[in-house]
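A look at the structure
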Amino acid sequence: MRHCNRSALLALVFVTLLQSVCSDFQTLAHLRAKASDKAQSRAVVDLLRRLLGNRSRDFIVSVNRTLSNETVDVCELRSAKNNKIVAVGSTGVAVATGIYNYLKYFCNCHVSWSGDQLNLPRPLPPLTGVLRIKTPHRFRYYQNVCTQSYSSVWWDWPRWQREIDWMALNGINLPLAFTGQEVLWQEVYLSLGLNQTEMDRFFTGPAFLAWNRMGNLFQWGGPLPQSWHVKQLYLQFKILDRMRSFGMIPVLPAFSGIVPEGITRLFPQANVTKLSPWSHFNCTYSCAFVLDPRDPLFKRIGALFLTQVIKEFGTDHIYNTDTFNEMVPASSDPTYLASISRAVFSTMTSVDPQAIWLMQGWLFISDPSFWKPDQVKALLHGVPLGRMIVLDLFAESMPVYSSTNSFYGQPFIWCMLHNFGGNSGLFGTVESINSGPFNAIRFPNSTLVGLGLTPEGIEQNPVVYELMTELAWRKEPVNLSKWVSLYALRRYGTMDENLTVAWQLLFHSVYNCTLPKYKNHNRSPLVHRPSLHMQTDIWYKPADFYRAWKLLFEASPGLVTLETFRYDLADVTRQALQLLTTEFYKEIRNAFQAQKLPDLLTAGGVLVYDLLPELDRLLSSNEHFLLGVWLDQAQSQGVDEHEAQLYDINARNQITLWGPDGEIQDYASKEWGGLVEDYYLQRWGLFVNTLVECLDRGRPFKQDVFNQAVFQVEKGFVYNQRKYPSKPLGNTYDIARRIFLKYYPYALKSLK
């Protein structure tokens, strides 16, 4: 009995200690806005001017950090004389978010990656009393390390400015800021005695730097030109300055132990391990050299780098580095794992005593067979409780906090990953994201300190991101049906019953995946190398989706002047053709297996000579679905023809072969005008012709022979240097109408 009481007492002491530690560090009080209240106010004024033009004068904004006596953001809005709205917030982000909330729910306005709807009423609608907007979350995190390659790699300053404005309006205060770090790595390694050839063998090309930083990939797509370093460095200065001006806390990079091979030449006694290949690559471009964090050289290199980071970029005392990203540690011994994290963290604190380590929790998801409770706890407890924040990276589908007792006491951020590879395609888990954050808050002894967005790629499915960012400022889940009805109202600026029902249907179907642990890789046969064994299952009822398509189309005539509506009409029609591609693929496969040549010719002919060309024409009519924009952005980074060509190949390879021989083929697939016609259509044409030839000659279809032939088509696209339009061609509504009238009857028929 005495023993039981003693155990209970120890448990109580642990829980009390845990709660004490968490309450002390839940504030993480030194992580706060650095800019003055006046500077933050000015940043919001400038944002409103960019967004609203002269109407920005209707808002009187100010930042007053004493408005919140806690560490969470708050904004108060009220009406003033002359029909103006006064907004006061604890940070620039809080003020921007408060104003955007007012614009959404009082003015029916909308801002997104795919267009704005900013038809402001005149005068502005008055407020009765004080409208108080407050978040329960200390941090609202944004970006995945992969976003830097899949989406923002080719961005110029105007595009970055637009994104940081979007962050402020949507309440983001903890953004990843990884741009321009390669020049600092180069300085560190050259100062240690490496030569430029060794650096050129270390860095990848720009489109693959995310995986170079994580130690997965080297040299592929390179060498990285010196001009790239200069341009990215100056871009990072602007990015950081603007982020901080809003009161954001940028997350900067730190050292994880990945080193160039040349380190083994300079320091032959160093404890360096060569890892196994990553993904489907071999050691030509993979097999990282990892310096043991317990080796004195680790602290030396790590301290040199972080000193450079702080010297060039300043600091907000929070750094991201990821050990063992999709790589197996040398030992599963908990003592070893704790020593690794302890060494990584002590390297940070040797330069910045106030350092907080932000770590992506992806390793626990990608290799659960290695990361058992003892291993997870050891790695996390190598760092003092409260000095690490873990990103629960894929919490909407595979939360880790619930199986690790809230990361064994370390603070964590509940994140929605949502998108892999920047794939096109409608997708969402709206029920999960509407309940998940609130479940995390209520979890026993929860160490939750924020919510986050961690998509691998952005500029898709804007509705999901608007919902998720808004939930960070809510005390309870929203009524999804009501919420999406209001979303339709503000996205188009008009109340239309067809649009309301269409969006409710989309939220009940394609945007509500409830399959456990489902990863949203676009599995459609459309964007994968053809075979007779392709995935054809989907997570939603096509009947609901097709009905939404019909309702959206019927609302079209009065709304086609709106950029937001044209985008949605193109995107939903694109999704319909993606579904129909699967249906035609099944007909092609069945006809071949049943040896019915006429049926094969019919289904194959429709797909190759009509449906896919129509899809390409549709996508080519909208500025948000153009291959030419992606390639032009890439080429514009080059200072000469040679660099422009290098970046063009980087951009093409990433979205197609992803490696010299298709190592991660179609992972970053996109449905873009130009890409459909010159890449996906060419593959399908070859596939159908090959099947026809096989039936005609009585031969079996051999996948390996086809793969060799189609690889030449795929590689040809990467190197063809063809110029693609970066401006839309054709009328989206006319093309969508033609497609709808032609294919909607077939869609209905496919449901039977």
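One can find the structure itself at the top, above this paragraph.
Read on for an overview of the structure. Quick caveat: nothing in here was measured; it's all calculated off a predicted structure.

**Focus: the packing of aromatic side chains**
This model, assessed by the stated rule, comprises 67 aromatic pairs. Their ring planes at 25 degrees and their centres at 5.0 Å tell us that Trp113 and Trp166 sit as a pair that is stacked. Taken together, the residues Trp113 in the loop between β4 (110-112) and β5 (115-117) and Trp166 in helix α5 (residues 157-169) connect sequence positions 53 residues apart. Accessibility assignment for this pair places Trp113 and Trp166 in one class, buried. Through successive ring pairs, a cluster of aromatic residues spans Phe427, Tyr518, Trp539, Tyr540, Phe545, Tyr546, Trp549, Phe553, Tyr733, Phe740 and Tyr744. Directly above the ring of Tyr105 sits Arg490, whose terminal nitrogen or CZ lies 4.9 Å from the centroid. Positioned over the ring face of Trp483 is Arg490, at 5.3 Å from the centre of the ring.

**Section: unusual backbone geometry**
Cis geometry marks the peptide bond from Arg122 to Pro123; its omega dihedral reads 0 degrees. Examined against the element boundaries, Pro123 turns out to sit in the loop between β5 and β6 (131-134). For the bond from Gly222 to Pro223, the omega torsion is 0 degrees, close enough to zero to count as cis. Unlike most non-glycine residues, Asp666 shows phi in positive territory, near 65 degrees. In this fold, Asp666 is placed in the loop between α24 (641-654) and α25 (675-697).

**Comments concerning the sheet that holds strand β10 (residues 258-259)**
Pairing in this open sheet of three strands is antiparallel, and the strands run β10-β12-β11 from one edge to the other. Edge strands, defined here as strands with exactly one partner in the open sheet, are β10 and β11 (272-274). As judged from the three bridges shared by β11 and strand β12 (residues 289-291), these two strands associate in the antiparallel manner. Bridge pairing in β12 links Lys274 to Phe289.

**What about the nonpolar core?**
If you look at the biggest cluster of nonpolar residues, it comprises 265 residues, and the most contacted ones within it are Tyr189 and Trp414. The element contributing the most residues to this core is helix α21 (residues 563-593), with 14 residues. Beyond its immediate stretch of four places on either side in the chain, Tyr189 contacts Leu194, Met199, Phe202, Phe255, Ile258, Val259, Pro260, Ile263 and Ile301.

**Digging into empty space enclosed by the protein**
Scanning the entire structure with this criterion turns up nine cavities of 30 Å³ or more. The calculated volume of the largest cavity comes to roughly 220 Å³. Every residue lining the largest cavity is counted, 21 residues in all, and those nearest its centre are Gln181, Trp185, Arg213, Met214 and Ser256. Sorting the residues of the lining of the largest cavity by element identifies α6 (182-192) and α8 (209-213) as the ones contributing at least two each. Its residues placed into classes, the lining of the largest cavity shows 12 nonpolar, six polar and three charged.

**Topic: the side chain of Glu643**
If you trace the backbone, Glu643 turns up in helix α24. Buried within the structure, Glu643 lacks any salt-bridge partner; Lys231 is the closest side chain of opposite charge, at an N-O distance of 6.5 Å. When neighbours within four sequence positions are excluded, Glu643 is seen to be in contact with Pro225, Ser227, Gln637 and Gly638.

**Brief notes about the sheet that holds strand β7 (residues 139-142)**
Taking strand neighbours across the sheet as the criterion, the eight strands line up as β8-β7-β17-β16-β15-β14-β13-β9 in an open arrangement whose pairing is parallel. Of all the strands in the sheet, the pair left with one neighbour each is β8 (174-175) and β9 (252-253). As paired strands, strand β16 (residues 412-416) and strand β17 (residues 448-453) are joined by five bridges and run parallel to one another. Along β17, the bridge assignment pairs Met416 with Leu453.

**Considering the pattern of salt bridges**
Close approach of charged atoms allows side chains of opposite charge to pair. Under the criterion given, the structure shown has 32 salt bridges. Between Glu614 and Lys742 there is a salt bridge whose closest N-O contact spans 2.7 Å. With Glu614 in helix α22 (residues 597-620) and Lys742 in helix α27 (residues 732-750), this residue pair connects regions lying 128 residues apart in the sequence. Taking relative accessible area as the criterion, Glu614 reaches 1% and is therefore assigned buried.

**Section: the pairing of β16**
On a regular strand, one side chain projects to one face of the sheet and the next to the other, so that they alternate. Burial within β16 is extensive, with five of its five residues counted as buried. Where burial is concerned, the two faces of β16 agree: the one with Phe412, Trp414 and Met416 and the one with Ile413 and Cys415 are both buried. The pairing of strand β15 (residues 388-392) with β16 spans three bridges and is classified as parallel. Residue pairing across strands places Val390 opposite Phe412, the latter belonging to β16. In this region the chain leaves β16, passes through helix α16 (residues 430-442) and returns to the parallel neighbour β17; the handedness of that crossover is right-handed.

**Some points on the state of the cysteines**
Following the criterion strictly, the structure yields one disulfide and no others. Here Cys513 stays unpaired: no disulfide links it, and the sulfur of Cys415, its closest cysteine neighbor, is 19 Å away.

**Topic: the environment of Lys34**
Within the secondary structure, Lys34 is located in the loop between α1 (2-26) and α2 (37-52). You can call Lys34 partly exposed: its relative accessible area is 44%. Through-space distance from the C-alpha of Lys34 to that of Leu580 is 53 Å; in sequence the pair is 546 residues apart. Every residue in contact with Lys34, bar those within four places of it in the chain, is listed here: Thr315, Asp316 and His317. Side-chain polar atoms of Lys34 contact the backbone oxygen of Thr315, separated by 3.1 Å.

**Structural notes on the environment of Ile133**
By secondary structure assignment, the location of Ile133 is in strand β6. For the pair formed by Ile133 and Leu266, sequence separation is 133 residues and the distance between their alpha carbons is 57 Å. Excluding residues that lie within four positions of it along the chain, Ile133 makes contacts with Asp73, Val74, Cys75, Leu77, Gly98, Asn101 and Trp473.

**A closer look at the layout of surface pockets**
In this structure, the largest pocket occupies an estimated 870 Å³ of space. Arg159, Glu459, Glu623, His624 and Val629 are the residues nearest the centre of the largest pocket, which is lined by 38 residues in total. For the lining of the largest pocket, the secondary-structure elements that each account for two or more residues are β5, α5, α21 and α23 (627-636). Looking at the lining of the largest pocket, its residues break down into 12 nonpolar, 15 polar and 11 charged.

Reading guide: rules and limits
Residues numbered from 1 in each chain as written. Predicted model: local features only at pLDDT ≥ 70, side-chain atom pairs only at ≥ 80, totals over all residues. Heavy atoms only, no water. Phe/Tyr/Trp six-rings, centres within 6.5 Å; stacked < 30°, edge-to-face > 60°. Helix = DSSP H or I, 4+ residues; strand = E, 2+ residues; numbered from the N terminus. Buried < 20%, exposed > 50% of the residue type's maximum accessible area, 1.4 Å probe, protein only. Lys NZ or Arg CZ within 6 Å of the ring centre and 35° of its normal. Pairing = 2+ DSSP bridges. Core = buried A, V, L, I, M, F, W, Y, C linked by side-chain atoms within 4.5 Å. Contact = heavy atoms within 4.5 Å. 1 Å grid on protein atoms, 1.4 Å probe; cavity = no way out; pocket = protein on both sides within 12 Å on 5 of 7 lines; lining within 4 Å. Points joined across faces, edges and corners; volume = space filled by probe spheres on them. Nonpolar A, V, L, I, M, F, W, Y, C, P; charged D, E, K, R; others polar. Lys, Arg positive; Asp, Glu negative; His and termini not counted. Salt bridge = Lys/Arg side-chain N within 4 Å of Asp/Glu carboxyl O. Right-handed = clockwise from strand over helix to strand, strands pointing away. Disulfide = S-S within 2.5 Å. Polar contact = N/O pair within 3.5 Å; in protein donor to acceptor, adjacent residues only side chain to side chain.

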